[in-house]
Amino acid sequence: MKLRSTSYLPAANDKTKVYVPSQLYLKDKDLEIFSFVKFLQWPSNEGMSAADRNFLLKLGVRVEPPLADIMKYLEKEGAKTADRRDEAAMSTALQYLTQ
């Protein structure tokens, strides 16, 4: 399906380009800690109908980041010096993994 592989969806807070559905995530407060996550520009998940959500998921919009991406994030944060490391973000990321 052409819609899955074409860049046409806007990301929240990014007007510089458009994205392929698989590059974007549905809004989720738990994922806001990950700087690599780009959220689909959409008013809110609460106002999203089940049909809209299912359609977006079929297009490839994500709801959870791959474990490998989370581990890369943790590795990158962990490699920073203690005074530059965001301990709160690391702790929250680890908590996300253990949910």
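Participant: Lay out the overall build of the protein chain in plain terms, naming residues and giving numbers.
Facilitator: A count of helical and extended segments in the protein chain gives four helices and two strands. Starting at the N terminus, the α and β elements of the protein chain follow one another as α-β-β-α-α-α. Across its three principal axes, the protein chain shows a C-alpha extent of roughly 45 × 25 × 20 Å. Going through the 99 residues of the protein chain one by one, you find that 27% of them count as buried.

Participant: Now, about the packing of aromatic side chains: what can you tell me, with residues and values included?
Facilitator: Within this structure, the stated rule accounts for four aromatic pairs. Seen from their ring centres, Phe34 and Phe36 are 5.4 Å apart, and the 40° between their planes marks the pair as tilted. Residue Phe34 is classed as buried on the basis of its relative accessible area of 2%. Overall, Phe36 belongs to the partly exposed group, its relative accessible area being 29%. Residues Phe36 and Tyr73 carry aromatic rings whose centres are separated by 6.2 Å and whose planes lie at 55° to one another, so their mutual orientation is tilted. Taken as a pair, Phe36 in the loop between strand S2 (14–19) and helix H2 (50–59) and Tyr73 in helix H3 (residues 67–79) lie far apart in primary sequence, 37 residues in all. On the basis of relative accessibility, which here comes to 9%, the residue Tyr73 falls in the buried class. What links up through ring pairs into an aromatic cluster is the set Phe34, Phe36, Tyr73 and Tyr96.

What counts, and at which threshold
- Residues numbered from 1 in each chain as written.
- Predicted model: local features only at pLDDT ≥ 70, side-chain atom pairs only at ≥ 80, totals over all residues.
- Heavy atoms only, no water.
- Helix = DSSP H or I, 4+ residues; strand = E, 2+ residues; numbered from the N terminus.
- Buried < 20%, exposed > 50% of the residue type's maximum accessible area, 1.4 Å probe, protein only.
- Phe/Tyr/Trp six-rings, centres within 6.5 Å; stacked < 30°, edge-to-face > 60°.

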